[in-house]
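Summary of the model geometry
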Amino acid sequence: MASLATLRTTVLSVLITLLLGRAIGLAVRYAAGSMSQRPSGEAIAAALTSAGAAVTELDRADGTGPASRRYVAGHRAGERLDVRVYDRDQQAAGALYRV
């Protein structure tokens with residue numbers, strides 16, 4: 001702070017400070033862990049119900065891997081709905097390919 005006030009800083013020292021701060025911040029975030037941003041099954045059913053599809057049951061589709069989130073939802077009218085959930089991590093994973 002004192003070197004900033006006396007204008008004795010260099011571009012290199014500012015870059016090192018920023019990179020070091022970023023690295024420490026990421027390390028703390030990694031060590032503390034982060035909450036999953038994926039919606040739960042209850043949140044998916046609530047979103048479908050609020051969109052007009054009154055869901056009576058929601059089951060994870062068989063044969064799907066961890067990267068794919070497919071569900072089969074039972075509708076109040078008796079029909080079955082195929083539901084695919086695209087999370088933020090899946091959207092970002094395909095961003096480079098789409099560019």
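To keep things clear, this report deals only with the structure shown in the data block. The model shown is predicted, which means the values in this text are computed figures rather than measured ones. (Residues numbered from 1 in each chain as written. Predicted model: local features only at pLDDT ≥ 70, side-chain atom pairs only at ≥ 80, totals over all residues. Heavy atoms only, no water.)

Some remarks on the overall build of the protein chain
Selection criterion: Counting from the N terminus, the helices are the DSSP runs of H or I reaching at least four residues and the strands are the DSSP runs of E reaching at least two. Whether a residue is buried, partly exposed or exposed follows from its accessible area with a 1.4 Å probe, protein chains only, as a fraction of its type maximum: under 20%, in between, or over 50%, in that order. The contact rule is simple, with two residues in contact once any of their heavy atoms fall within 4.5 Å. For the area figures, the Shrake-Rupley method with a 1.4 Å probe applies, and any residue is considered shielded solely by the protein chains shown.
Secondary structure summary: the protein chain contains five helices and three strands in total. The helix and strand sequence of the protein chain, counted from the amino end, reads α-α-α-β-β-β-α-α. Residue burial in the protein chain is summarised as follows: out of 99 residues, 16% are buried. Taking the intrachain contacts of the protein chain between residues at least 6 apart in sequence as the baseline, contacts between residues at least 24 apart amount to 20%. Summing over all exposed atoms, the protein chain offers an accessible surface of approximately 8200 Å²; the carbon and sulfur share of this is 61%.

Some points on the sheet that holds strand 1 (residues 55-60)
Which entries qualify depends on this criterion: Pairing between two strands is assigned when DSSP locates at least 2 bridges connecting them. A fitted line through C-alpha atoms serves as each axis, taken over the contacting stretch for helices, and the angle formed by two N-to-C directions is quoted from 0 to 180°.
In space, the three strands of this open sheet follow the order 1-2-3, with antiparallel pairing throughout. A single partner strand is all that each edge strand has here, and the edge strands are strand 1 and strand 3 (80-84). Across the sheet, the axes of successive neighbouring strands diverge by a mean angle of 25 degrees, strand direction being ignored. Here strand 2 (residues 70-75) pairs with strand 3 via five bridges, running antiparallel. Residue pairing in the sheet places Ala 73 in a bridge with Leu 81 of strand 3. In the packing of helix 3 (residues 41-50) onto the sheet, the strands contacted are strand 1, strand 2 and strand 3, and the crossing angle to strand 1 comes to about 140 degrees.

Observations regarding the pairing of strand 2
Relative to strand 2, strand 1 runs antiparallel, the two being bridged by five bridges. From the neighbouring strand, Val 55 faces strand 2, where its bridge partner is His 75. Between the antiparallel neighbours strand 2 and strand 3 lie four residues, among them Gly 78 with a positive phi of about 100 degrees.

Observations concerning a nonpolar patch on the surface
Under the convention used in this document: Patch members must show over 30% relative accessible area and no salt bridge, and they are joined within 9 Å when carrying like charges or within 5 Å when they are nonpolar side chains of Val, Leu, Ile, Met, Phe, Trp or Tyr. Each reported salt bridge corresponds to a side-chain nitrogen of Lys or Arg within 4 Å of a carboxyl oxygen of Asp or Glu.
On the surface, Leu 20, Ile 24 and Val 28 cluster together into a nonpolar patch covering about 290 Å² of accessible area. Note on placement: Val 28 falls in helix 2 (residues 11-32). Its relative accessible area of 53% is what places Val 28 among the exposed residues.

Some remarks on helix 2
Convention followed: A helix is expected to span 1.5 Å for every residue after the first.
End to end, helix 2 covers 32 Å across 22 residues, agreeing with the expected 32 Å (1.5 Å per residue, within 8%). Burial analysis of helix 2 places just zero of its 22 residues in the buried class, a small minority of the element. The positive-phi residue at the C-terminal boundary of helix 2 is Gly 33, with phi of around 80 degrees.

With respect to the nonpolar core
Across soluble globular proteins, nonpolar side chains show a tendency to be buried alongside one another. Note the following rule: Buried Ala, Val, Leu, Ile, Met, Phe, Trp, Tyr and Cys residues form a nonpolar core when they are joined through side-chain atoms within 4.5 Å.
Of all hydrophobic cores here, the largest spans seven residues; its members are Ile 44, Ala 45, Val 55, Tyr 71, Ala 73, Val 83 and Val 85. Contributing elements (two or more residues each) for this core: helix 3 and strand 2. When sequence neighbours within four positions are dropped, the list of residues in contact with Ala 45 reads Val 55 and Leu 58.

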